[in-house]
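# Architecture at a glance
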Amino acid sequence: MRTLLPRIAALLVLAAVSAGAFWWYSHRPTVEGPLTLYGTVDLRQASLSFNGSERIAEVLAEEGQTVLQGQVLARLSQSRLLPQLAQSKATVTAQQAALDRLKNGSRPEEIAQAQANLEAAKADAANASAHYQRFKSLLPIAAVSKQDVDEARAQADVAVAKVAVQQNALSLAQIGPRAEDIAQAEAQVQASEAAMALLQQQVDDTELKAPFEAVIRSRLMEPGEMATPSSPVFSVARLGTKWVRAYVPEPRLSEVREGLPARITIDSDPAHPLDGWIGFISPLAEFTPKTVQTEDLRTSLVYEVRVFATDPDNRLRLGMPATVRLLPAAPRP
């Protein structure tokens, strides 16, 4: 019995040492290297469509073509809009001429003509009055009839009324048009100009222009098809800004921050990495997407990050897989 006690004590000590070693090994601090992310190249995309509904007359860009900002990519038929625009321009011209005529007032020749008409009316009135007075003086001796006298008096009254009409015409010619007439003419010109501007905008909208420098990804419609604002004609990818969309595991989120430098490599040219930097970190967590490869195979919470790239040789393509290795940055102050 005494010989068994030392052996049992030795076995207990050995078991305790083994348990302690196992616990230390399972809880030992791990030293992880620089964070490596895996993602795909992404860039800004847009679907371009016309602002009106009409049949497509021309499609001027091909898939894979690089286009400049403002370059015409396609045109709609203008057969119905151009005659309407020409008619609207003619209406504006006519109404503008009428407005100018009102603003300029009467010409000196028109005033002189009105003055002459007034003098002629006065002469006719004087002649008619004298004729009436003669007939009136002959009535007592029965040299004329009562009817002749009445007719002469009526002619004299008409001549006096004509003098008043010509006097008013001369006054209107001298004063010029009323302010209300000028305001009405101005409003008509403005309304016609607005209608012409709308037609001009509709004509301009028959041309589909590139909003920025881009590459044509897909040509979705052809000449002869009916275009609408809800039917894209092209799908384009914007040139310039490129980034790698990657995901950071939640336990290592503290290792990334905006502005942190990175090195981007692609499988087709691993010997020539590209410089980049973290430009965006999502404030919301999400589960690991199925399309993303991570070092940890289990499903876990991750945060999306965008690693912007400097790509002067245009080597990065949309959807291309890429590996991002974060570089150490200067310590924070």
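Presented here is a report on the structure given in the accompanying data block. Since the model is a prediction, treat every value here as computed from it, not as a measurement. (Residues numbered from 1 in each chain as written. Predicted model: local features only at pLDDT ≥ 70, side-chain atom pairs only at ≥ 80, totals over all residues. Heavy atoms only, no water.)

## Focus: the packing of helix α2 (residues 81-104) against helix α5 (residues 179-204)
At a minimum axis separation of 9 Å, α2 and α5 run at an interaxial angle of 160 degrees. For the element pair α2 / α5, the angle class is roughly antiparallel. As α2 runs across α5, the sense of the crossing is left-handed. Here the residues of the contact of α2 with α5 are counted per class, giving 13 nonpolar, nine polar and five charged. (Axes fitted to C-alpha atoms, helices over the stretch in contact; angles between N-to-C directions. Helix = DSSP H or I, 4+ residues; strand = E, 2+ residues; numbered from the N terminus. Parallel < 35°, antiparallel > 145°, perpendicular 65-115°, else oblique. Left-handed = near helix turned anticlockwise from the far one by under 90°. Nonpolar A, V, L, I, M, F, W, Y, C, P; charged D, E, K, R; others polar.)

## Regarding the pattern of salt bridges
On inspection of all chains with the given rule, the structure shows 12 salt bridges. Between R80 and E54 there is a salt bridge, and its shortest N-O distance comes to 2.8 Å. Residue R80 is located in the loop between β4 (72-76) and α2, and its partner E54 is located in strand β2 (residues 54-59); the two are separated by 26 residues in the primary sequence. Notably, a salt bridge pairs R306 with E304, separated by 3.5 Å at the nearest N-O pair. (Salt bridge = Lys/Arg side-chain N within 4 Å of Asp/Glu carboxyl O.)

## Description of the sheet that holds strand β7 (residues 226-227)
Overall, antiparallel pairing links the four strands, which are arranged β5-β4-β2-β7 in an open sheet. Strands with a single pairing partner mark the edges of an open sheet, and in this sheet they are β5 (207-209) and β7. The pairing of β2 with β4 spans three bridges and is classified as antiparallel. For E58, the partnering residue across the bridge sits in β4 and is R75. (Pairing = 2+ DSSP bridges.)

## Here we look at α2
Over its 24 residues, α2 runs 35 Å from end to end, which matches the ideal 34 Å to within 8%, given 1.5 Å per residue. All buried positions along α2 are accounted for by L81, L85, S88, V92 and L99. (Expected span 1.5 Å × (residues − 1). Buried < 20%, exposed > 50% of the residue type's maximum accessible area, 1.4 Å probe, protein only.)

## Some thoughts on the nonpolar core
Counting residues in hydrophobic clusters, the biggest one holds 22 residues, and the most contacted among them are I264, V307, V324 and L326. When residues of this core are traced back to their parent elements, those giving at least two are β1 (36-48), β8 (234-249), β9 (261-266), β10 (274-287), β11 (301-309) and β12 (321-326). Excluding anything up to four places from it in sequence, V324 contacts L35, T36, L37, V244, A262, R263, I264 and V307. With 19 residues, the next largest nonpolar core counts F50, I56, L76 and M221 among its residues. (Core = buried A, V, L, I, M, F, W, Y, C linked by side-chain atoms within 4.5 Å. Contact = heavy atoms within 4.5 Å.)

## With respect to α5
Given 3.6 residues per helical turn, the α-helix brings residues three or four places apart onto the same face. Here α5 contains 26 residues, and its C-alpha end-to-end distance of 37 Å stays within 8% of the 38 Å for a straight helix at 1.5 Å per residue. Within the span of α5, buried status applies to I182, A185, V189, S192, L199 and V203. For α5, the secondary structure elements touched by its buried residues are α2 and β5.

## Considering the packing of aromatic side chains
Scanning the model with the defined rule gives two aromatic pairs in all. Considering the side-chain rings of W243 and F308, the 5.7 Å spacing of their centres and the 55 degrees angle between planes classify their relative orientation as tilted. Residue W243 is found in strand β8, and its partner F308 is found in strand β11; the two are separated by 65 residues along the sequence. Classification of W243 by relative accessible area gives buried; the value is 3%. For F308, a relative accessible area of 14% puts it in the buried group. Consider the rings of W277 and F308, whose centres lie 6.1 Å apart with planes at 20 degrees: the pair is stacked. On the criterion of sequence distance, the pair formed by W277 in strand β10 and F308 in strand β11 is long-range, its members being 31 residues apart. Three or more aromatic residues link up through ring pairs in this structure, and these residues are W243, W277 and F308. The ring of F280 carries the charged tip of R306 above its face, separated from the ring centre by 5.2 Å. (Phe/Tyr/Trp six-rings, centres within 6.5 Å; stacked < 30°, edge-to-face > 60°. Lys NZ or Arg CZ within 6 Å of the ring centre and 35° of its normal.)

## Quick word on the pairing of strand β6 (residues 214-219)
Examined bridge by bridge, strand β3 (residues 66-67) and β6 share two bridges and lie antiparallel to one another. Counterpart to V67 in the pairing with β6 is A214. Bridge count between β6 and β8: five bridges; the pairing is antiparallel. Each residue of the ladder has a partner; that of R219, found in β8, is F234.

In short, geometric facts, not functional conclusions.
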